[in-house]
Amino acid sequence: LMICCAAVVAHAADVRFSSTRISPNCASIKIHGEIKPGDATSLRTLLKKNDVGCVGQDIEPVISFDSQGGDVDEALRIGRLIRRKQLGTTVERNQKCISACNFAFLGGVARHVDGAFGIHRPYTTSFSTEQSDAASKYQTMKQVLTSYTVEMNVSPDLVERMMKISPEDVKYLDLATMKAMGIVGADPVWEDIHSSTEAKALGISKQEYIRRRAIAKHLCGTGLRPYPDDCFNEVMKTGIRK
């Protein structure tokens, strides 16, 4: 099922190393522009480059988005690739993630939005002239997208809301709504595995790890991210911050 989901006509996606280059073979990655077929392959190539080039480098394993949407099928492939690589996703201040971009963004194991997150109903690229045909395509599309949100441990209510908004319109979600639906924050499955792994590495119980994480969130303002900082590391190792 060819599904399209773009708020406006946009430039071709430029999946690339962003301007925050650390070294010729290690940099943060930003996806912007219209998402088109082949972008998942381009992203996979860049991630492989980082797997080698970023060894020993201090880099946040996060992908930044600024996209008006595009090909939903490709966005699903991007999201699944991001999830397999256990990367975080972010929409920075003054940036947007709209339409198909939503699904790629949901692949992050930890997700953060400072910019705009806009939704509307995707649509198929084929023509529908009969009600039965249109209804079948609608239900198939809804099932595909609902299954994906469940796979990503996000509330299916996101798709329910999308399907009620015409393709030419965009509804921007506030932070409270995104938190309620699990759009932002840590994926619960990844969080549990991450907590278990980190607790073992620190030689403490899982209960103590969660207690320290709560302290770190209060003192450092970082919460749970797929990358460390000095304040977070200090609290997690000692239980206090000097």
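In what follows, the structure referred to is the one given above.
Residues numbered from 1 in each chain as written. Predicted model: local features only at pLDDT ≥ 70, side-chain atom pairs only at ≥ 80, totals over all residues. Heavy atoms only, no water.

Participant: Teacher, can you tell me more about the pattern of salt bridges here?
Facilitator: Note on pairing: side chains with opposite charge can pair once their charged atoms come close. Per the counting criterion, the structure on display carries eleven salt bridges. In this structure, R77 engages E74 in a salt bridge whose closest nitrogen and oxygen atoms are separated by 2.7 Å. One end of the pair is R77 and the other is E74, both in helix α2 (residues 72–84) and three residues apart, which spans about a single turn. Judged by relative accessible area, E74 falls into the buried class, the value being 3%. With a closest N to O distance of 3.7 Å, K164 and E160 form a salt bridge. Within the structure, one salt-bridge network assembled from shared partners comprises K142, E160 and K164. (Salt bridge = Lys/Arg side-chain N within 4 Å of Asp/Glu carboxyl O. Helix = DSSP H or I, 4+ residues; strand = E, 2+ residues; numbered from the N terminus. Buried < 20%, exposed > 50% of the residue type's maximum accessible area, 1.4 Å probe, protein only.)

Participant: Just to check I follow, could you spell out the pairing of strand β5 (residues 88–91) for this structure?
Facilitator: Along any regular strand, the residues point their side chains to alternate faces of the sheet. Residues G88 and T90 line one face of β5 and the alternating positions T89 and V91 line the opposite face, and both faces are buried. Here strand β4 (residues 62–71) pairs with β5 via three bridges, running parallel. Note that in β5 the partner of I63 across the bridge is T89. (Pairing = 2+ DSSP bridges.)

Participant: For this particular structure, what's the right way to read the state of the cysteines?
Facilitator: For the coordinates displayed, the defined rule picks out two disulfides. Bridging C220 to C231, the disulfide has an S-S length of 1.8 Å. A torsion of -75 degrees about the S-S bond marks the disulfide between C220 and C231 as left-handed. In this pair, C220 is assigned in helix α8 (residues 206–220) and C231 in helix α9 (residues 230–238), connecting sequence segments eleven residues apart. Of the residues examined, C231 reaches a relative accessible area of 10% and is grouped as buried. (Disulfide = S-S within 2.5 Å.)

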